[in-house]
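Architecture at a glance
Letter by letter, the chains look like this.
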Amino acid sequence: MKATQIRTATVLRLVSFVLACLLSMTAYAAIDVYDFDSVQQEAQYRGLIEELRCPKCQNQNLAGSDAPIAQDLKQKVYDSVKDGRSDAEIRSYMQERYGDFITYKPPVRPSTWILWFFPPLLLIVLITGWFWQSKRRQLVASGDSGTIVDSTVAALTPAEKAELDRLLSRTNSTDYDITSTEDKK
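Let us look at the structure shown here.

Thresholds, definitions, all that
- In this numbering scheme, every chain counts its residues from 1 along its sequence in written order.
- Local features in this predicted model are restricted to residues of pLDDT 70 or higher, and side-chain atom pairs are both shown and tallied only at a pLDDT of 80 or more, whereas totals for entire chains, interfaces and linings draw on every residue.
- The side-chain quantities take in all heavy atoms of the structure and omit both hydrogens and water.
- To form a nonpolar core, buried Ala, Val, Leu, Ile, Met, Phe, Trp, Tyr and Cys residues must be joined to one another through side-chain atoms within 4.5 Å.
- The classification of residues rests on relative accessible area computed with a 1.4 Å probe and restricted to protein chains. Under 20% of the type maximum is buried, over 50% is exposed, and intermediate values are partly exposed.
- Note on conventions: DSSP H or I runs of at least 4 residues are helices, E runs of at least 2 residues are strands, and numbering of each starts at the N terminus.
- Note on aromatic pairs: the rings of Phe, Tyr and Trp (six-membered ring only in Trp) are paired at centre separations within 6.5 Å, and the planes decide the class, stacked below 30 degrees, edge-to-face beyond 60, tilted for the rest.
- Only Lys NZ and Arg CZ are tested; either one counts as a charge over a ring when it is within 6 Å of the ring centre and within 35 degrees of the ring normal.
- For patch building, the residue pool is restricted to those with more than 30% relative accessible area and no salt bridge; the joining distance is 9 Å between like charges and 5 Å between nonpolar side chains (Val, Leu, Ile, Met, Phe, Trp, Tyr).
- Method for areas: the Shrake-Rupley scheme with a 1.4 Å probe, in which residue coverage is limited to the protein chains shown.
- Put simply, a salt bridge is a Lys or Arg side-chain nitrogen that is within 4 Å of an Asp or Glu carboxyl oxygen.
- Pairs of cysteine sulfur atoms within 2.5 Å are what we label disulfides.
- Throughout, an axis means a line fitted to C-alpha atoms (over the contacting stretch in the case of helices), and angles, computed between N-to-C directions, take values from 0 to 180 degrees.
- Here is the rule for handedness: rotate from the far helix to the near one, and if that takes an anticlockwise turn smaller than a right angle the crossing is left-handed, while a clockwise turn gives right-handed.
- Should any heavy atoms of two residues lie within 4.5 Å, those residues are considered in contact.
- For this scheme, ten residues count as nonpolar: Ala, Val, Leu, Ile, Met, Phe, Trp, Tyr, Cys and Pro. Four count as charged, namely Asp, Glu, Lys and Arg, and the remainder, Gly too, count as polar.

1. Section: the nonpolar core
In terms of nonpolar packing, the biggest core is built from 17 residues, with Phe36, Tyr45, Leu52, Leu62, Val77, Val81 and Met94 touching the most fellow members. Going through the elements one at a time, helix 2 (39-51), helix 3 (68-82) and helix 4 (87-98) are the ones with two or more residues in this core. Looking at which element gives the most residues to this core, the answer is helix 3, with five residues.

2. A closer look at the packing of aromatic side chains
In this structure the tally under the stated criterion is seven aromatic pairs. Taking 5.2 Å as the distance between ring centres and 75° as the angle between the ring planes, the aromatic pair formed by Phe36 and Tyr78 counts as edge-to-face. Of this pair, Phe36 sits in the loop between helix 1 (2-30) and helix 2 while Tyr78 is found in helix 3, placing the two residues 42 residues apart along the sequence. In this pair, the class of Phe36 matches that of Tyr78, namely buried. Ring geometry for Trp130 against Phe131: centres 5.0 Å apart, planes inclined by 65°, an arrangement best described as edge-to-face. The side chain of Arg53 reaches across the aromatic face of Phe101, ending 4.6 Å from its centre. The ring of Tyr93 carries Lys76 above its face, with NZ or CZ at 4.9 Å from the centroid.

3. With respect to a nonpolar patch on the surface
A grouping of Val108, Trp113, Ile114, Leu115, Trp116, Phe117, Phe118, Leu121, Leu122, Ile124 and Leu126 is seen on the molecular surface, where their side chains present a nonpolar patch of about 1100 Å² in accessible area. Here Ile124 lies in helix 5 (residues 113-142).

4. Section: the state of the cysteines
Under the definition given, this model contains zero disulfides. Free cysteine Cys54: the closest other cysteine sulfur is in Cys57, separated by 3.5 Å. Relative accessible area serves as the criterion here: at 0%, Cys54 is assigned to the buried category.

5. Some words on the packing of helix 3 against helix 4
Where helix 3 contacts helix 4, the two axes come as close as 11 Å, and the packing angle between them is 145°. Considering only the axes of helix 3 and helix 4, their crossing is right-handed. Between helix 3 and helix 4, the residues in contact are Ile69, Leu73, Lys76, Val77, Ser80 and Val81 and Ile90, Tyr93, Met94 and Tyr98, respectively. Its residues assigned to classes, the contact of helix 3 with helix 4 shows eight nonpolar, one polar and one charged.

6. Side note on the side chain of Thr112
Here Thr112 is to be found in the loop between helix 4 and helix 5. On the basis of relative accessibility, which here comes to 4%, the residue Thr112 falls in the buried class. The residues touching Thr112, leaving out its near neighbours within four places in the chain, are Asp100, Pro106 and Pro107.

7. What to know about the packing of helix 2 against helix 3
As a packed pair, helix 2 and helix 3 sit with axes 10 Å apart at the nearest point and diverge in direction by 145°. Pair helix 2 / helix 3 crosses with right-handed handedness. In this structure, helix 2 uses Gln41, Gln44, Tyr45, Leu48 and Ile49 to contact helix 3, whose residues at the interface are Lys74, Val77, Tyr78, Val81 and Lys82. Of the residues that constitute the contact of helix 2 with helix 3, the class distribution is six nonpolar, two polar and two charged.

What follows is the structure in structure tokens.
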């Protein structure tokens with residue numbers, strides 16, 4: 001009886017040890033492990049993978065992306081850092097290889113002027129238009145706008161004037177229903 005309990009306990013320990021090893025291997029596989037020569041190299045690597053954009057994920061940086069191309073680019077950044085290249089050299093290499101899309105801050109040059117200057121210009125135009133429109137409305141409301149009333153509009157015909165008077169007389173009565181009896185049918 002005691003020998004059976006010892007065997008069962010041994011088997012349970014062995015099974016739990018195998019499960020612990022399997023679980024630790026899957027957790028170990030999800031974390032990138034790179035060995036750096038110094039803390040500065042690790043900081044340079046971390047800064048660059050935070051700054052560079054994943055070409056596949058669009059709005060994720062390399063640090064947050066699990067795409068295969070992001071893994072390859074992280075390895076390339078790591079290799080470049082280990083080779084002793086500067087941040088500018090690594091950024092330049094990535095921009096030559098993947099274009100301005102790879103960085104969140106594209107360089108200012110004629111091909112990227114629209115990215116840098118269009119939003120502020122659009123904002124200035126919208127604010128100027130809003131001020132001009134509100135100032136114009138204030139002038140019209142105060143009567144100082146100098147707007148000329150169009151005198152070419154034809155006056156009402158006697159029939160139109162009679163109809164207008166009839167409608168107005170109905171609205172002055174206690175019943176404000178101006179629909180005709182034909183409309184009520």
